[in-house]
Amino acid sequence: MSEPQMAQVDSRHRPGTRPTGRGADGEALERRPSPVDAPRNADFPWDEFDTTSYLRHNYRSLRPDDRQILERVRDFFAGSLPAGGARGLDVGSGPNLYPALAMLPLCRTITLFEPSISNVAWLRDEIGDYGRSWDPFWELLCARSRYRRVGDPRQTLADRVSVQQGSVFELPRRGWDVGTMFFVAESISERPEEFEDAVRRFLEALRAGAPFAAAFMENSDGYDVGGRRFPAVAVEAGYIRRILETAATDLRLERIGIGSDVLRAGYTGMIVACGRVRAT
């Protein structure tokens, strides 16, 4: 899909749209009004999230779509910051280590900021000596020499990474130098205003000029984990771009198609965004 096409906001997935502020170009942002009874983030049992089921379904191997996303994030981060001095942040980590691995050469510390008790327990156990299923992810990153210079990624991850329980809506401001947020903002609520708030709070947690990478499920209608239904907001590239442009520069958005390896029903692709936090 060409860049001009990606910049179009498709209101078919947001009927009855209305302005919600201005983008960097001064054009009105639009979003779907939430139904009065649309569930909020706080309405879902995040502490009962089935970490094992989600991990097995999503990260038991390196999928083609994750490969494409990780390649783009790797190439962006490889030229972003001097090695080893930054404070990194991954928001809503869940049972996913590849965003932290992608930041590893840049950071002296990385905070995994995660709300679910079950996911926090898994992360604290996993970072000490992560499983072999993450080796293909690291091998892909090592196509760039900055990653190869890390040496032992398991020990480096164990030394530099810590886990903090907390919600994206509780993030401190301007505390980190580089950040990631993968499949979080659109997957924690059915309310577009909470999606937008999550994206804004993620960017506000990073210092001016900080490089970041974020990934989103395109047009997700929700997802099942261990027999429980969890929410989503249907988002597309143009909608994401307009939100990011209010607080970021050097934006690079790319849509990743589904292809033949469908993760689950109820989405139309994935979107990866890289950029830098705008100075205010």
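This one's a predicted model, so the numbers in the text were calculated from it and none came from an experiment.

### Some words on helix α3 (residues 64–78)
The end-to-end C-alpha separation of α3 is 21 Å, in line with the 21 Å expected for 15 residues at 1.5 Å each. Within α3, the full set of buried residues consists of D65, D66, I69, L70, V73, R74, F76, F77 and A78.

### Notes on the nonpolar core
Nonpolar side chains tend to gather and get buried jointly when the protein is soluble and globular. The biggest cluster of nonpolar side chains holds 90 residues, and the ones touching the most others in it are F77, W134 and F195. Apart from the residues within four sequence positions on either side, F195 is in contact with A185, E186, F216, V233, V235, Y239, I240 and I243.

### Some thoughts on the pattern of salt bridges
The final tally for this structure, using the stated rule, is 20 salt bridges. One salt bridge in this structure joins R72 and E71, with 3.8 Å as the shortest N-O distance. What makes E71 partly exposed here is its relative accessible area of 24%. R200 is the partner of D197 in a salt bridge, and the nearest nitrogen-oxygen pair spans 2.4 Å. Here D197 pairs with R200, and both are found in helix α9 (residues 192–204), just three residues apart, close to one helical turn. The structure contains a network of salt bridges with shared partners spanning R173, D197, R200, R201 and E204.

### Some words on unusual backbone geometry
One non-glycine residue, F183, adopts positive backbone phi at about 55°. In this fold, F183 is placed in the loop between β6 (178–182) and α9. A positive phi angle, near 55°, is found at N219, a position not held by glycine. With respect to the helices and strands, N219 occurs in the loop between β7 (211–218) and β8 (223–225).

### Thoughts on the sheet that holds strand β5 (residues 161–165)
An order of β5-β4-β3-β6-β7-β11-β10 is seen for the seven strands of this open sheet, with the pairing classed as mixed. Looking at the sheet topology across the chains shown, the edges are occupied by β5 and β10 (248–256). Along the sheet, successive strands turn relative to each other by an average axial angle of 15°, direction set aside. Of the strands in this sheet, β4 (107–114) and β5 are in contact with helix α5 (residues 117–126), which crosses β5 at around 165°.

### Let's talk about the packing of α9 against helix α10 (residues 237–245)
At a minimum axis distance of 10 Å, the contact between α9 and α10 shows a crossing angle of 45°. The pairing of α9 with α10 is recorded here as oblique in orientation. Note on packing geometry: the crossing formed by α9 with α10 is right-handed. Between α9, through P192, F195, E196, V199 and L203, and α10, the contact on the second element is made entirely by Y239, I240, I243 and L244. Within the contact of α9 with α10, the residues separate by chemical class into eight nonpolar, no polar and one charged.

Parameters at a glance
- Residues numbered from 1 in each chain as written.
- Predicted model: local features only at pLDDT ≥ 70, side-chain atom pairs only at ≥ 80, totals over all residues.
- Heavy atoms only, no water.
- Helix = DSSP H or I, 4+ residues; strand = E, 2+ residues; numbered from the N terminus.
- Expected span 1.5 Å × (residues − 1).
- Buried < 20%, exposed > 50% of the residue type's maximum accessible area, 1.4 Å probe, protein only.
- Core = buried A, V, L, I, M, F, W, Y, C linked by side-chain atoms within 4.5 Å.
- Contact = heavy atoms within 4.5 Å.
- Salt bridge = Lys/Arg side-chain N within 4 Å of Asp/Glu carboxyl O.
- Pairing = 2+ DSSP bridges.
- Axes fitted to C-alpha atoms, helices over the stretch in contact; angles between N-to-C directions.
- Parallel < 35°, antiparallel > 145°, perpendicular 65-115°, else oblique.
- Left-handed = near helix turned anticlockwise from the far one by under 90°.
- Nonpolar A, V, L, I, M, F, W, Y, C, P; charged D, E, K, R; others polar.

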